[in-house]
Amino acid sequence: MVLPLELLQQFKTSDFPNPQEYEVWQRRNLKLLEAGLVLHPYLPLDETDTRPRQLQHIIHGALVKPMDTGKHSESMQVLRNLATSLACRSFDGSSPDICHWADGTPLNILLYQILLEACFDVNDQTSVIEEVDEVLEIIKKTWVILDIDQIFHNICFSWVLFHRYVSTSQVENDLLFAADNLLSEVANDAKAVKHPSCSQTLSSLLDLILGWAEKRLLAYHDSFYRDNVDIMQSLLSMGLSATKILVEHNPRNYQKKKKEVDVEFSSVDTYIRASMLRAFSQEKERLISSRKSSKKQQSSLPILSILAQNVTDLAFNEKEIYSAVLKRWHPIATGVAVATLHACYGSELKKFVSGISELTPDALQVLIAADKLEKDLVQMAVADAVDSEDGGKSLIKEMTPYEVEAVIANLVKSWIRTRIDRLKEWVNRNLQQEVWNPHANKERFAPSGVEVLRSIDETFEAFFLLPIPMHPALLPELMNGLDGCLQNYILEAISGCGSRSTFVPTMPALTRCSAGSKFSVFRKKERPPMVLLKKSHNGTTNGDDSFSIPQLCVRINTLHCIRKELDVLEKRTISQLRDNICVHDDNLVNVLGKGFELSAAACLEGIQQLSEAIAYKVIFHELSHVFWDYLYVGDVSSSRIEPFLQELEENLEIISATVHDRVRTRVITKVMKASFDGFLFVLLAGGPSRSFLLADAAIIDEDLKFLMDLFWSDGDGLPADLIDKFSTTLKGILPLFHTDTAILIDQFEHAVQDNFAPSAKSRLPLPPTSGNWSPTEPSTIMRVLCYRNDKMATKFLKKNYNFPKKL
């Protein structure tokens, strides 16, 4: 018997108090018929079978307009035929004697849910009636008929409460709390549910609950906040209970969640990561949208810099509001949340870093903000995971470092290289234009030197203004680069200025003139044909003013100024470092490294080289006509040192007036040494145009005294002990010019024998010229003999070395 059909046909409107109640009763039976035959059939329906749709069409029509259920009613006959044919189906296609219109759990569950709806007040859909306990006791009497047990009841009632909570706009939280409590009991006894049909029905209800819950839990920041976080806890509890039950009864669908402990942990882990990812994306989009909508009033901060601060706020908000709830199922909920935010921001930062090639203010702001964010997030993660099994190692390992300091360091290094390259180009360009004018400024040093120091100072200032945490670590690289630039300037400043060897003439070959040789009278600016001068370098002898004595003095002043300023720069840098909280006084040396070592050394060497160049340029080039070409050429008494001293004094006055007073003594000392060297050179290597009588020795002594007096200048010049020191060699050799020729020959022979130990029969070897003049050195005595104007010296040299008697 298909009971609803019989009831519909047996009862009439007259059997009810009023037509309205009859219509309600009729609709209820039609819905029951639809539920048993179409919505929850005992046998699955064939998709090609049209009867279910026909039956539904009739039922839905009757729900709108009550149908005639009389015995001879055509509509009733059609309804009966369709309902009976669907109820009498079998698995093998035969016509059974039993009608299956109400068989199976699905319909029982539906009927039971309808019964449970009686627990609610018809006038207030969110309220449970006061007599709920009595009603439930009555409803429980249907358990035997509907094949219901306590677990089934708890699931159904939990669903009904949950459904009522959702369908009434979620205004009555007690409904959700009650549903959560019931489902928690089911989760604890889930293994007791064994009936397959029951499990299928459970799954379908639990899937609905879990689907609705996860939609919110996967983005819990959108639905929950500080004032309703208790709702999140109940919903999370329900969702996890549903998951736990589903895992127990559908293991194939949940292979990744094999253990109970993993079910809750992995589910909550998923909710945290998904919700944090969504919250991060929303925050980023909000910032982008806000920036686009306010183009006229743009914030000076880059978006990623603002986002970093907002992510920090998100993390602390997560810890304070949500993690307290989530920790019940996930012990490191905060750690997972901040790790997710770390990865999200890291992805954006990586794209940003790949698009920058230089250290701009915006780039620096973003990187510094990212560094602070990372430190905050890592600190939160470590604090949250300290009590976990591995102490948080796996969580920290998940947080791939931003390596902000390395990125900033690389950008700063690029910034340094750019600055250094610009400075190098500037140095080269300005050195080409520099004229080394001694009247360019009061201090008499090159404007290009002032500018290069100013550029270096500005570079240091810009470097320390960079808001970076690693000034001490990168300072050595900056200093090395600037040191190289400055060294290049110094080397270029002294390039082509010459040295001692540039100006000193080539030493003539040893030769001999007889006592009766006739020497031509010296005429000013005439150079004897045998005198050989080295060619000058880079215009030192071709009238190029940039290498004149005053210009060379300006170069010395410039190098002295640079050397002095290097100390100032170093002190200023130390002061800047002391302001850095990361650097202590005892570590300053390590931070500074070697400082401007190359430049300082180049300055000292440059001043030394330029001083020497000035000295030998003055003696052998500027004063060549009164020194090399004149002094003691021909008759000694008529070619003495006075003309040389007059012009040397003029040059010394130019040097004194031009060169800086701190290096003046050094330069004049070099000039003095060059004059003494030149004096000796004239005496010992003056070429065949010079020869000396024994009587000339007194003149030479007197000329040397005049030369020394010029530098002493009545006590206003160089110190007497300094003059004595540099004239020692010269004064030691002059006695040889007073020595008789025979004694000289004897001294020479003994010196040769002592140095070369020749055999008694062999000829005296010709001693090589060492250039280190000494009264006991063989080649020095030999040269005095070569320039001795007497027959004994001529005969000795002819006999032993076959030197010619005359040219």
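Residues numbered from 1 in each chain as written. Predicted model: local features only at pLDDT ≥ 70, side-chain atom pairs only at ≥ 80, totals over all residues. Heavy atoms only, no water.

Visitor: When you look at the overall build of the protein in this model, what are you seeing that I'm missing?
Guide: Across its full length, the protein carries 32 helices and two strands. A buried classification covers 48% of the 807 residues belonging to the protein. Nonlocal contacts in the protein, meaning residues at least 24 apart in sequence, comprise 75% of its contacts between residues at least 6 apart. Just so you have it, the protein exposes about 40,800 Å², and 52% of that area is on carbon and sulfur atoms. (Helix = DSSP H or I, 4+ residues; strand = E, 2+ residues; numbered from the N terminus. Buried < 20%, exposed > 50% of the residue type's maximum accessible area, 1.4 Å probe, protein only. Contact = heavy atoms within 4.5 Å. Areas by Shrake-Rupley, 256 points an atom, 1.4 Å probe, with all protein chains shown as cover.)

Visitor: Teacher, can you tell me more about the packing of helix α22 (residues 549-578) against helix α25 (residues 642-658) here?
Guide: When two helices pack together, their arrangement is given by the angle between the helix axes and by the axis-to-axis distance. Running from amino to carboxyl end, α22 crosses α25 at an angle of 30°, the nearest separation of the two axes being 9 Å. Crossing hand, α22 versus α25: right-handed. On the side of α22, the interface is formed by Ile549, Pro550, Cys553, Val554 and Asn557, while α25 contributes Asn651, Ile654, Ile655 and Thr658. Taken together, the residues of the contact of α22 with α25 break down into six nonpolar, three polar and no charged. (Axes fitted to C-alpha atoms, helices over the stretch in contact; angles between N-to-C directions. Left-handed = near helix turned anticlockwise from the far one by under 90°. Nonpolar A, V, L, I, M, F, W, Y, C, P; charged D, E, K, R; others polar.)

Visitor: I'm lost on the packing of aromatic side chains in this one. Help?
Guide: In this description, a pair of aromatic rings is defined by centroid distance and the angle of the planes. A full pass over the atoms with the stated rule returns 24 aromatic pairs. With a centroid separation of 5.4 Å and 85° between ring planes, the pair formed by phenylalanine 162 and tryptophan 212 is classed as edge-to-face. Highlighted residues: phenylalanine 162 in helix α8 (residues 150-167) and tryptophan 212 in helix α10 (residues 196-217), separated in sequence by 50 residues. Owing to a relative accessible area of 16%, tryptophan 212 belongs among the buried residues under this scheme. Taken together, a centroid distance of 5.1 Å and an interplanar angle of 45° make the contact between tyrosine 220 and tyrosine 322 tilted. Remark: tyrosine 322 occurs in helix α14 (residues 303-326) and tyrosine 220 occurs in helix α11 (residues 220-223); sequence separation between them is 102 residues. The same class applies to tyrosine 220 as to tyrosine 322, namely buried. Feature note: the residues Tyr616, Phe620, Phe627, Trp628, Phe644 and Phe681 constitute an aromatic cluster, connected by ring pairs. (Phe/Tyr/Trp six-rings, centres within 6.5 Å; stacked < 30°, edge-to-face > 60°.)

Visitor: Just checking my understanding: could you explain the pattern of salt bridges for this structure?
Guide: If charged atoms from side chains of opposite charge come close, those side chains can pair. As enumerated under the stated definition, the model contains 23 salt bridges in all. Where arginine 226 meets glutamate 320, a salt bridge forms, and the shortest distance between an N and an O atom there is 3.0 Å. Of this pair, arginine 226 sits in the loop between α11 and α12 (229-249) while glutamate 320 is found in helix α14, placing the two residues 94 residues apart along the sequence. You can call arginine 226 partly exposed: its relative accessible area is 47%. Under the relative-accessibility criterion, glutamate 320 is labelled exposed at 53%. Among the ionic pairs, aspartate 384 bridges to lysine 327, the shortest N-O distance being 2.5 Å. Residue aspartate 384 is found in helix α16 (residues 361-385), and its partner lysine 327 is found in the loop between α14 and α15 (333-354); the two are separated by 57 residues along the sequence. The class of lysine 327 is partly exposed, set by a relative accessible area of 35%. Overlapping salt bridges bring together Asp269, Arg273 and Glu398 as one network. (Salt bridge = Lys/Arg side-chain N within 4 Å of Asp/Glu carboxyl O.)

Visitor: Honestly, empty space enclosed by the protein in this entry has me stumped. Any pointers?
Guide: The final tally for this structure, using the stated rule, is two cavities of 30 Å³ or more. Around the largest cavity, the lining comprises eleven residues; the ones closest to its centre are Thr511, Pro688, Arg690, Cys786 and Tyr787. Here the residues of the lining of the largest cavity sort into six nonpolar, three polar and two charged. For the second largest cavity, the calculated volume is near 50 Å³. Those elements giving two or more residues to the lining of the second largest cavity turn out to be α2 (19-39) and α4 (74-87). Looking at the lining of the second largest cavity residue by residue, the class counts come to six nonpolar, two polar and one charged. (1 Å grid on protein atoms, 1.4 Å probe; cavity = no way out; pocket = protein on both sides within 12 Å on 5 of 7 lines; lining within 4 Å. Points joined across faces, edges and corners; volume = space filled by probe spheres on them.)

Visitor: Please explain the nonpolar core as it appears in this structure.
Guide: Across soluble globular proteins, you tend to see nonpolar side chains buried next to one another. Grouped together as the largest cluster of nonpolar side chains are 219 residues, with contacts concentrated most on Tyr345 and Leu648. The leading source of residues in this core is helix α26 (residues 661-685), at 14 residues. By size, the runner-up hydrophobic cluster in this structure holds 22 residues, among which are Phe16, Leu37, Leu55 and Ala62. (Core = buried A, V, L, I, M, F, W, Y, C linked by side-chain atoms within 4.5 Å.)

Visitor: I would appreciate a short explanation of the packing of α8 against helix α9 (residues 173-188) in the present structure.
Guide: Following both chains from N to C, one finds α8 and α9 inclined at 155°, their axes separated by 8 Å at the closest point. With respect to their mutual orientation, α8 and α9 come out roughly antiparallel. At the point where α8 passes α9, the crossing takes the left-handed sense. Facing α8, whose interface residues are Ile151, Asn154, Ile155, Phe157, Ser158, Leu161, Phe162, Arg164 and Tyr165, α9 presents Asn173, Leu175, Leu176, Ala178, Ala179, Leu182, Leu183, Glu185 and Val186. By residue class, the composition of the contact of α8 with α9 is 13 nonpolar, three polar and two charged. (Parallel < 35°, antiparallel > 145°, perpendicular 65-115°, else oblique.)

Visitor: How do you make sense of the environment of leucine 652 when you look at a structure like this?
Guide: With respect to the helices and strands, the residue leucine 652 is situated in helix α25. Along the sequence, leucine 652 and alanine 615 sit 37 residues apart, while their C-alpha atoms lie 9.8 Å from each other. Leaving out residues up to four positions away in the same chain, leucine 652 has contacts with Ile668, Val671, Leu710 and Phe711.

Visitor: How should I be thinking about the pairing of strand β2 (residues 124-128) in this particular structure?
Guide: Pairing between strand β1 (residues 120-121) and β2: two bridges, direction antiparallel. Across the sheet, residue aspartate 121 finds its bridge partner in β2, namely aspartate 124. The hairpin turn running from β1 into β2, its antiparallel successor, is two residues long. (Pairing = 2+ DSSP bridges.)

Visitor: Could you clarify how one ought to interpret unusual backbone geometry in this entry?
Guide: Phi is mostly negative for residues that are not glycine, and the peptide bonds are mostly trans. Positive phi is not limited to glycine here, since glutamine 170 has a value of about 60°. Tracing the backbone through its elements, the reader meets glutamine 170 in the loop between α8 and α9. One non-glycine residue with positive phi stands out, namely serine 713, at about 50°. If you trace the backbone, serine 713 turns up in the loop between α27 (697-712) and α28 (720-733). Residue serine 713 is classed as partly exposed on the basis of its relative accessible area of 34%.

Visitor: Teacher, can you tell me more about the environment of leucine 79 here?
Guide: Of note, leucine 79 is situated in helix α4. With a relative accessible area of 0%, leucine 79 lands in the buried category. Between the alpha carbons of leucine 79 and leucine 55 there is a distance of 6.7 Å; along the sequence they are 24 residues apart.

Visitor: Would you mind showing me how to read the side chain of arginine 89 here?
Guide: Tracing the backbone shows arginine 89 in the loop between α4 and α5 (105-116). Although arginine 89 is buried, it forms no salt bridge, and the closest oppositely charged side chain is aspartate 49 at an N-O distance of 5.5 Å. Separated by 3.3 Å, the side chain of arginine 89 and the backbone oxygen of proline 44 make a polar contact. Here the side chain of arginine 89 touches leucine 86 through a polar contact of 3.1 Å, landing on its backbone oxygen. If we skip the residues at most four places from it in the chain, arginine 89 touches Pro41, Leu43, Pro44, Leu45, Arg51, Pro96 and His100. (Lys, Arg positive; Asp, Glu negative; His and termini not counted. Polar contact = N/O pair within 3.5 Å; in protein donor to acceptor, adjacent residues only side chain to side chain.)

Visitor: Honestly, helix α24 (residues 597-622) in this entry has me stumped. Any pointers?
Guide: Every α-helical turn comprises 3.6 residues, leaving residues that sit three or four positions apart pointing alike. Between its first and last C-alpha, α24 extends 35 Å over 26 residues, near the 38 Å set by a 1.5 Å rise per residue. Within α24, the axis deviates most sharply at tyrosine 616, by approximately 25°. (Expected span 1.5 Å × (residues − 1). Bend = angle between axes of the 7 residues up to and from the residue.)

Visitor: For this particular structure, what's the right way to read α26?
Guide: The first and last C-alpha atoms of α26 sit 35 Å apart over 25 residues, in line with the 36 Å expected at 1.5 Å per residue. Buried residues dominate α26, accounting for 18 of its 25 residues. Immediately beyond the C-terminal end of α26, within one or two residues, lies glycine 687, with a positive phi of roughly 85°.

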